[in-house]
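# Close look at the chain arrangement
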Amino acid sequence: MSLRRGERAIEALLFLCALASVGTTAGIIVVLAVETFAFFGEVSIVEFLTGTEWTPLFATKHFGVLPLLLGTTVVSVIALVVAVPTGLLSAIYLSEYAPERVRRVVKPVLEILAGVPTVVYGYFALTFVTPLLQQWLPGLSGFNALSPGIVMGLMILPLVSSLSEDAMRAVPRGLREGAYALGATRMQTALQVVVPAAFSGITAAVILAASRAIGETMIVAIAAGQQPRFTANPFVPIETMTAYIVQVSLGDTPQGTLEYRTIFAVGMLLFLMTFALNLLSSWLRARFREEYN
Amino acid sequence: MTTDVRPLPPTLSSVVRAGTPVAETAPVKIDVRNLNFYYGQKRALDGISMAIHANRVTAFIGPSGCGKSTFLRTLNRMNDIIPGARVDGSVTIDGHDAYGSGVDVVSLRRQVGMVFQKSNPFPKSIFENVAYGLRINNLTRSKAEMAERVEESLRAAAIWDEVKDRLHESALALSGGQQQRLCIARALAIRPDILLMDEPASALDPIATQRIEELVYDLKKAYTIVIVTHNMQQAARVSDYTAFFWLGRLVEYGRTDRIFTAPAEKLTEDYVTGRCG
Ligand SMILES: Nc1ncnc2c1ncn2[C@@H]1O[C@H](COP(=O)(O)OP(=O)(O)OP(=O)(O)O)[C@@H](O)[C@H]1O
Ligand SMILES: [Mg+2]
């Protein structure tokens, strides 16, 4: 009887925890929505979504978010170009090739790498990677999208690698044996059987990494510059959505003004993008669901 | 151990049944000598020696955990991928040492096909499951030829009629018994020499089981078949030879009819009559 009551109490506690996180999320969405709504009372949504100039802090104000969106996209794409192939290869190595000894060392090291504060990565990009790249690319500005993109790729690499490896290791050994029994090599087994079987997990890893890249703030705030520019050129200073939000939050823009409200509109867009990525991820999961019985 | 299938001479071995020598005309396909197998420290096979004949069906019987699967898997070196596993002794297939230093494991496995105890279709379409072995080994020259080989294999595994209209649907949507037959088709597609079947019928209903048994009977014209089974009637029906394993050892090996009617060992008799195991 008392056991029953204990269980009830635990259940209630768990429910409260769940409620708290759901409540927080709901609160954030409400604040974002209210402020965004107020913002679009003054600025046309069409201008916001199609304008190619972002100058809310200047005398002549333009509210086209595309430069920020493009900045975010360029940096994130560079990060993914770095992180996805290397992360997948390292996951394949760790899951299919590495002896247990190696795995036991490499995996924790990767996870420590994931725990390095992003501000460290930011200064690493600014003071080490950029000067290094400038030796090869003389046209590269001191602030640019390339260097933080690469460093962000290194930052999300452990995430891609670790989660993909988990997904590959979850593939039953029987499937690998089935391939080996048909005369498949290790490489064929890894690429043609294990990776497709782990596809949904790998996709989830990549999408999570993408939303991490889109939401990443410190590295770009430090090393990409703060110049909202409508360009896909990775060699010049740009500004991402997150970096802009930091700039305004830390600056002296008074609260309640239109300038200040821009960060909620940009934040809302950021939120919708990551939300869309998550939807995409669950759609992919449903499409490629593995049914191991 | 009692065995009336002597591993010597290397190509022909004589078989003794109830005192009367009966010639076995089929050559020795797989010759195993003094094979020991270890999972880490744990010894799973203890001094196994036996000669398996070409174009014959050899059944492995014995209680659960006695090492039937382990032994079967040493024949195509499937145990190589298990960390910490170790084997000593020799396995000779067609006169070549399967564990020799220069052996190409990939082509060995192509020659020695396997159907697993637990069915393991790839998460691909039915067609692709069967075509996979053909693709990786470049066994067909055209799309049409591949489609032909796939159909032929599915027919041979007695599943064609059930899947012919859904070849491009996922193999994972098939029932357990259908999946097992698909795995048999997949193994047949690359036309191995030897087919190792680990309890291929354990998940099947009596009708599908009967089909598999008929299939085994047909296949032995072209293949050497080793089949693990817990079903004594099945062993008696389909096999020419039966090997009885117990606690990692080969207790008795001989003509199936003799093993079931006049076993030399008490343990074998108890097992086949259902008194133990
Ligand atoms: N991967 C493994 N690691 C360690 N021990 C194992 C492994 N696989 C099997 N064994 C052990 O080796 C012994 C033989 O197992 P095996 O699977 O060969 O038995 P079996 O005769 O096929 O049994 P069943 O009829 O239940 O399939 C068992 O004691 C089992 O626990
Ligand atoms: Mg078994």
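Residues numbered from 1 in each chain as written. Chains lettered and ligands numbered in written order. Predicted model: local features only at pLDDT ≥ 70, side-chain atom pairs only at ≥ 80, totals over all residues. Heavy atoms only, no water.

### Describing the overall build of chain B
Secondary structure assignment for chain B yields 10 helices and 13 strands. Judged by the C-alpha coordinates and their principal axes, chain B covers about 55 × 45 × 40 Å. In chain B, buried positions account for 55% of the 277 residues. Considering only intrachain contacts with a sequence separation of at least 6, the fraction spanning at least 24 residues in chain B is 65%. Counting only carbon and sulfur atoms, one obtains 50% of the accessible surface of chain B, whose full area is about 11700 Å². For chain B, the distance from the average site of its 34 positive side-chain charges to the average site of its 31 negative ones is 2 Å. (Helix = DSSP H or I, 4+ residues; strand = E, 2+ residues; numbered from the N terminus. Buried < 20%, exposed > 50% of the residue type's maximum accessible area, 1.4 Å probe, protein only. Contact = heavy atoms within 4.5 Å. Areas by Shrake-Rupley, 256 points an atom, 1.4 Å probe, with all protein chains shown as cover. Lys, Arg positive; Asp, Glu negative; His and termini not counted. Charge placed at Lys NZ, Arg CZ, Asp CG, Glu CD.)

### Notes on unusual backbone geometry
Positive phi, close to 50°, is recorded for N138 of chain B, a residue that is not glycine. As for its position among the elements, N138 of chain B is in the loop between α3 (126-136) and α4 (143-156).

### Some points on the domain arrangement of chain A
All names here are of chain A. Its domain assignment divides chain A into domain 1 (2-42) and domain 2 (66-291). Relative placement of domain 1 and domain 2: their C-alpha centres are 28 Å apart. The interface of domain 1 with domain 2 comprises 9 residues on the first partner and 8 residues on the second. Regarding the contact of domain 1 and domain 2, the summed buried area is about 900 Å², with carbon and sulfur atoms giving 80% of it. For the domain 1 face of the interface with domain 2, the top three residues by lost area are L32, E35 and F39, together amounting to 54%. (Domains from an automatic or database assignment. Buried area = accessible area lost by both parts, 1.4 Å probe.)

### Remarks on the site of ligand 1
Residue and element names in this part refer to chain B. Residues in contact with ligand 1 amount to 13 residues; listed here are only the nearest, S64, K68, S69, T70 and H230. Within the side chain of S64, a nitrogen or oxygen atom sits 2.4 Å from an oxygen atom of ligand 1. One nitrogen or oxygen atom from the main chain of G67 is found 3.0 Å from an oxygen atom belonging to ligand 1. Expressed as a share of its isolated accessible area of 630 Å², the protein-covered part of ligand 1 is 67%. (Near = heavy atom within 4 Å. Polar contact = N/O pair within 3.5 Å; in protein donor to acceptor, adjacent residues only side chain to side chain.)

### Topic: the environment of A224 of chain A
Residues and elements named next belong to chain A. The topology assignment puts A224 in the loop between α10 (218-223) and α11 (241-250). A relative accessible area of 0% places A224 in the buried class. For the pair A224 and T130, spaced 94 residues apart in the sequence, the C-alpha separation amounts to 10 Å. Setting aside anything within four residues of it in sequence, one finds A224 in contact with F143, N144, P148, I219, P237 and I238.

### Digging into the interface of chain B and chain A
Facing the 26 residues of chain B at the interface are 21 residues of chain A. Both sides together, the interface formed by chain B and chain A hides about 1900 Å², and carbon and sulfur atoms give 63% of it. Counting across the interface, chain B meets chain A through 1 salt bridge. Across the pair R73 of chain B and E177 of chain A runs a salt bridge whose closest N-O atoms are separated by 2.8 Å. In terms of residue class, the side of chain B that touches chain A is made up of 15 nonpolar, 5 polar and 6 charged. (Salt bridge = Lys/Arg side-chain N within 4 Å of Asp/Glu carboxyl O. Nonpolar A, V, L, I, M, F, W, Y, C, P; charged D, E, K, R; others polar.)

### Examining the sheet that holds strand β4 (residues 28-39) of chain B
Residue and element names in this part refer to chain B. Ordered by their spatial adjacency, 4 strands build an open sheet running β5-β4-β7-β8, and the pairing between neighbours is antiparallel. With one partner strand each, in any of the chains shown, β5 (42-53) and β8 (96-97) form the two edges of the open sheet. As paired strands, β4 and strand β7 (residues 85-93) are joined by 8 bridges and run antiparallel to one another. Counterpart to Y39 in the pairing with β7 is A85. (Pairing = 2+ DSSP bridges.)

### Things to note about the pairing of strand β6 (residues 57-61) of chain B
Residues and elements named next belong to chain B. When you tally the buried positions in β6, you get 5 out of 5 residues, the bulk of the element. The pairing of β6 with strand β12 (residues 241-246) spans 4 bridges and is parallel. Residue A59 lies in a different strand from β12, and its bridge partner there is T242.

### So, the coordination of the magnesium ion (ligand 2)
Residue and element names in this part refer to chain B. Taken together, S69 (OG) and Q117 (OE1) make up the protein donors of the magnesium ion (ligand 2), found 1.9 to 2.3 Å from the metal. On the criterion of sequence distance, the pair formed by S69 in helix α1 (residues 68-74) and Q117 in the loop between β9 (112-115) and α3 is long-range, its members being 48 residues apart. On the basis of relative accessible area, S69 is assigned to the buried category, the value being 19%. (Donors = N, O, S within 2.8 Å, 3.2 Å for Na, K, Ca; no water.)

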